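# Tertiary structure, described
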Amino acid sequence: MKIQRVPSKWAKTKVILQNQSLSLYVPDTRKYDLNVLKEMLALYAMVYIKPDRGSFGIGVMRAEQRTVILSPSQQKTEMTVTANNEEREQQEAQVLYILRYAKTAEVFFSPEELHEALQKRIQNRTYLVQKGIDLLRHQDRPFDLRVLAQKTPSGTWETTGMLGRVAAPQKIVTNYHSGGSILSVNTLLKNHMNPSQTLSTINQLKSLGVQIAGQLETTYPGIKEIGLDIAMDQHMDMWLLEVNTLPSIVVFKLFPDKSIYRRIHRYAVAYGRVKARKSPYTTRNRHYTKA
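Quick caveat, the model's predicted, so the values are computed rather than measured. (Residues numbered from 1 in each chain as written. Predicted model: local features only at pLDDT ≥ 70, side-chain atom pairs only at ≥ 80, totals over all residues. Heavy atoms only, no water.)

### Observations regarding helix H4 (residues 111-122)
End to end, H4 covers 16 Å across twelve residues, agreeing with the expected 16 Å (1.5 Å per residue, within 8%). Of all the residues in H4, the buried ones are Pro111, Leu114, His115, Ala117, Leu118 and Ile122. Mapping the buried residues of H4 onto a view down its axis gives an arc of 165°, with all of them on the same face. Residues of H4 that are buried make contact with helix H3 (34-44), strand E2 (46-51), strand E3 (61-69), strand E6 (93-101), strand E7 (104-108) and strand E8 (127-131). Taken from the residues just after H4, Gln123 is the one with a positive phi, measuring 55°. (Helix = DSSP H or I, 4+ residues; strand = E, 2+ residues; numbered from the N terminus. Expected span 1.5 Å × (residues − 1). Buried < 20%, exposed > 50% of the residue type's maximum accessible area, 1.4 Å probe, protein only. Arc of directions from axis to C-beta. Contact = heavy atoms within 4.5 Å.)

### Side note on the sheet that holds E3
Strand order in the open sheet formed by six strands is E1-E8-E2-E3-E6-E7, with antiparallel pairing between adjacent strands. Looking at the sheet topology across the chains shown, the edges are occupied by strand E1 (29-31) and E7. Sheet twist, expressed as the average angle between the axes of neighbouring strands with direction ignored, equals 25°. Summarising the sheet, E2 and E3 pair through four bridges and their orientation is antiparallel. Within the sheet, the bridge partner assigned to Tyr48 lies in E3 and is Arg62. Strands E1, E2, E3, E6 and E8 of the sheet are contacted by H3, whose axis makes an angle of about 140° with E2. (Pairing = 2+ DSSP bridges. Axes fitted to C-alpha atoms, helices over the stretch in contact; angles between N-to-C directions.)

### Observations regarding the side chain of Arg165
With respect to the secondary-structure elements, Arg165 resides in strand E11 (residues 157-166). Under the relative-accessibility criterion, Arg165 is labelled buried at 7%. Polar side-chain contacts of Arg165 include one of 3.1 Å to the side chain of Asp229. (Polar contact = N/O pair within 3.5 Å; in protein donor to acceptor, adjacent residues only side chain to side chain.)

### Points about the packing of aromatic side chains
Taken as a whole, this structure holds one aromatic pair when the rule is applied. With 6.5 Å between their ring centres and 40° between their planes, Phe252 and Phe255 make a pair best called tilted. (Phe/Tyr/Trp six-rings, centres within 6.5 Å; stacked < 30°, edge-to-face > 60°.)

### Notes on the nonpolar core
Ile212, Ile226 and Ile230 are the most contacted members of the largest nonpolar core, which totals 32 residues. Once residues lying within four places of it in the same chain are set aside, the contact partners of Ile226 are Val147, Leu148, Ala149, Gly209, Ile212, Ala213, Leu216, Val243, Asn244, Thr245 and Pro247. The next biggest cluster of nonpolar side chains, apart from the first, holds 19 residues, and it includes Met40, Leu99, Ala117 and Leu118. (Core = buried A, V, L, I, M, F, W, Y, C linked by side-chain atoms within 4.5 Å.)

### Some remarks on the confidence of the model for the protein
Mean pLDDT over the protein: 87, with 85% of residues reaching 70 or higher. Segment residues 76-89 is flagged for pLDDT under 50; beyond a separation of four residues in sequence, or across chains, it makes 16 contacts in the model. Segment residues 279-291 is flagged for pLDDT under 50; beyond a separation of four residues in sequence, or across chains, it makes one contact in the model. (pLDDT = per-residue confidence, 0-100.)

Written out as structure tokens, the structure is:
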């Protein structure tokens, strides 16, 4: 059977939201329009705006709503006459809207201006708005986690790999293809929790991978592998940012423990994503026999 791929983030999100216990992991996510943008910025102050279809962090933007007190040099000075006929400068609060993408930041003075700038980048494509998560950091750079779940040769789901992705300096996405660094989950979590808590978190991630895969399979029975992008916030709560049905597996070659990738590759061969590697010994034997 051909491996089923589901490119729409919105379609996958809707299936996961059908499961009450799993829906608790999904941050508020909606289809983009101006009213949604205004409402979600008012609620969360920071949101991510991303294409419904796409990978590698391409097209992802972040919008923030901030209230700042402008200094006299930053604003038009308003003068007030006091009872003693003394003049003083009056400072005012100003709401700003900041749009970030790649390493660029733009500032706007209304949600309508922000929306206009976003529309130039979005054009006619479907985009989503998602509540921004204040990610844990490693060496002052935000990171998230990738959890890989695969169908085993016996037909069950198993979480076979997990890794951490640390954003490149000044980048808003953590993806390896966007300059992010790959580190082990243990390395990233050890500065935020003790060993017992780390083990518990890893077991929870493994369980979540299997549960999300099973939920998606109810609607998409042909899926064989998924990659979960998991954020952890400052309270150590887990958030499911999105699910990829064509996850990278070669990145797991980077780890010293080669048994992790060997198992991932073996499962991928069993369900037909990759071809079995030829044994050099078998090849030499075959040539010897022909001679």
